[in-house]
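Below are the chains, spelled out letter by letter.
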Amino acid sequence: MDIDFNSVLARAEKYKQDISKFLRDMIAIPSESCQEEKVVLRIKEEMQKVGFDRVEIDPMGNVMGYIGRGKHLVAMDAHIDTVGIGDKDLWDFDPYQGFEDEEFIGGRGASDQKGGMASAVYAGKIIKEMGLDGDYTLLVTGTVQEEDCDGLCWQYIINEDKIKPEFVLITEPTACRIYRGQRGRMEIKVTTHGMSCHGSAPERGDNAIYKMAPILMELRALNENLKDDSFLGKGTLTVSEIFFSSPSRCAVADGCTISVDRRLTRGETWDFALQQIRNLPSVKQAGAEVSMYDYSRPSYTGLSYPTESFFPTWVVEEDHPTCRTLVEAYRSLFQDEPLVDKWTFSTNAVSIMGRYQIPCIGFGPGHEEFSHAPNEKTLKSELVKAAAMYAVVPSIYVAKYVGRES
Ligand SMILES: [Zn+2]
């Protein structure tokens, strides 16, 4: 394989200003979940400008840019919605106007994760200009609603757009490390039912809140005994909310519901986690209902695609072709050994790999700890590094791991 890695790096460096400008333009367009239309159109315009072969917006509102016409479909994903800005007084600068100096670009979405989008679009330009082609088609996706329901966009892309890449490079912030997994999560609901009556004569009723009390204690104990994993860490749970229904403050409560935030480690499936709670003696005793929450908020195009609030664990092994491709790309470009680790937060890989077993691997500019925080920023040097990585990954992948069979 004859990639001139130094030329790729030089070209990525040459586009530093263009990448920065594009990122600042995206930051200037507020795009909280379900309100991404304007930023999607801005991304489409940039993809067309730098020479993507085809750019489409799917019915959910995801923007999809293609390069090449080869047999092996390789995708790079950036979600382009952001969380809100929180308390504006905690920011030292305007979150949407942002700021820029020699080293940094600031603004909501700078790290999480419009920076990854900017780098991926310019990787496309570098691929076209340098002829870094092979028997692959590169798909760069700008996806919606990740902050609201991680992975939903890719459930739609895989099931309805019928697009199944061989692997997906997730461009969420990794500080230019290679990330190969994360714990999954679920939003669980436990409900007890009782019988209301006048509060002055509680013996006539059946108090649903009392029924919840032993369940709470057993859930706390269950958390201590959840499965551990040497790479991802331990599964956890915590009770995050509690609700009641009662005719009055002077009545016995006839309903009680709690929400459980469950983090899943390797080997823990949703039915396993639900069954674990259903098997608690207190849950059986109370006849409590245990289920998952749903998500059905419509996208900005008005499309509703309901799903369970279940975000499965995923891990790619270190010797998997996708991980080896990125390690090799990193070594060749930067003459250095990459750090291979995992995300703390969640990404679209929960559905792509967690639900559909399409391998995912992470590499992105920006830092997890800047995400969702005031004064969010990213490093320009990392934007350049990521663009160079993204430009060489597809051709290394097809030449090394699938090229021989075609
Ligand atoms: Zn993100």
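Provided above is the structure to which this section pertains.
Described below are features of the structure shown in this document.

Rules of the game
Residues numbered from 1 in each chain as written. Predicted model: local features only at pLDDT ≥ 70, side-chain atom pairs only at ≥ 80, totals over all residues. Heavy atoms only, no water. Axes fitted to C-alpha atoms, helices over the stretch in contact; angles between N-to-C directions. Helix = DSSP H or I, 4+ residues; strand = E, 2+ residues; numbered from the N terminus. Parallel < 35°, antiparallel > 145°, perpendicular 65-115°, else oblique. Contact = heavy atoms within 4.5 Å. Nonpolar A, V, L, I, M, F, W, Y, C, P; charged D, E, K, R; others polar. Donors = N, O, S within 2.8 Å, 3.2 Å for Na, K, Ca; no water. Buried < 20%, exposed > 50% of the residue type's maximum accessible area, 1.4 Å probe, protein only. Salt bridge = Lys/Arg side-chain N within 4 Å of Asp/Glu carboxyl O. Disulfide = S-S within 2.5 Å. Pairing = 2+ DSSP bridges.

## Thoughts on the packing of helix 1 (residues 5-14) against helix 9 (residues 321-334)
Piece 1. Following both chains from N to C, one finds helix 1 and helix 9 inclined at 80 degrees, their axes separated by 8 Å at the closest point. Judged on the interaxial angle alone, helix 9 and helix 1 are roughly perpendicular. For the pair helix 1 and helix 9, the contacting residues are Phe 5, Val 8 and Leu 9 in the first and Ser 332, Leu 333 and Phe 334 in the second.
Piece 2. Of the residues assigned to the contact of helix 1 with helix 9, the class counts are five nonpolar, one polar and no charged.

## Details of the coordination of the zinc ion
Piece 1. Protein coordination at the zinc ion: the donors are His 79 (NE2), Asp 112 (OD) and Glu 172 (OE), at 1.8 to 2.1 Å from the metal.
Piece 2. The sequence pattern describing where the donors of the zinc ion fall on their chain is H-x32-D-x59-E. Within this pair, whereas His 79 is found in strand 3 (residues 72-79), its partner Glu 172 is found in the loop between strand 7 (167-170) and strand 8 (178-179), the two being separated by 93 residues in sequence. Here His 79 matches Glu 172 in class, with each residue buried.

## Brief notes about the pattern of salt bridges
Piece 1. Throughout the structure, instances matching the rule amount to 26 salt bridges.
Piece 2. A salt bridge links Asp 148 to Arg 297, with the nearest nitrogen and oxygen atoms 2.6 Å apart. Taken together, the residues Asp 148 in the loop between strand 6 (136-143) and helix 5 (152-159) and Arg 297 in the loop between strand 14 (294-295) and strand 15 (307-308) connect sequence positions 149 residues apart.
Piece 3. Taking relative accessible area as the criterion, Asp 148 reaches 27% and is therefore assigned partly exposed.

## Some remarks on the state of the cysteines
Piece 1. According to the stated counting rule, one finds zero disulfides in the structure shown.
Piece 2. There is no disulfide at Cys 197, and the cysteine sulfur nearest it, in Cys 250, is 12 Å away.

## Some words on the sheet that holds strand 5 (residues 104-106)
Piece 1. The strand order across the open sheet built from three strands is 4-5-20, with neighbouring strands paired in antiparallel fashion. Pairing within the sheet leaves two strands with one partner each, and these edge strands are strand 4 (99-100) and strand 20 (377-379).
Piece 2. Of the strand pairs in this sheet, strand 4 and strand 5 are connected by two bridges, and their pairing is antiparallel. Bridge pairing in strand 5 places Glu 100 opposite Ile 105.
Piece 3. Against the sheet, helix 4 (residues 110-130) contacts strand 5 and strand 20, and its axis sits at roughly 45 degrees relative to strand 20.
Piece 4. Packed onto the sheet, helix 11 (residues 380-402) meets strand 4, strand 5 and strand 20 and runs at close to 60 degrees relative to strand 20.

## So, the pairing of strand 2 (residues 63-67)
Piece 1. Most of strand 2 sits inside the fold, with five of its five residues counted as buried.
Piece 2. One ladder, built from four bridges, connects strand 1 (residues 54-57) with strand 2; its direction is antiparallel. Residue Val 55 lies in a different strand from strand 2, and its bridge partner there is Gly 65.
Piece 3. The pairing of strand 2 with strand 6 spans five bridges and is classified as antiparallel. Across the sheet, the residue bridging to Met 64 is Thr 141, located in strand 6.

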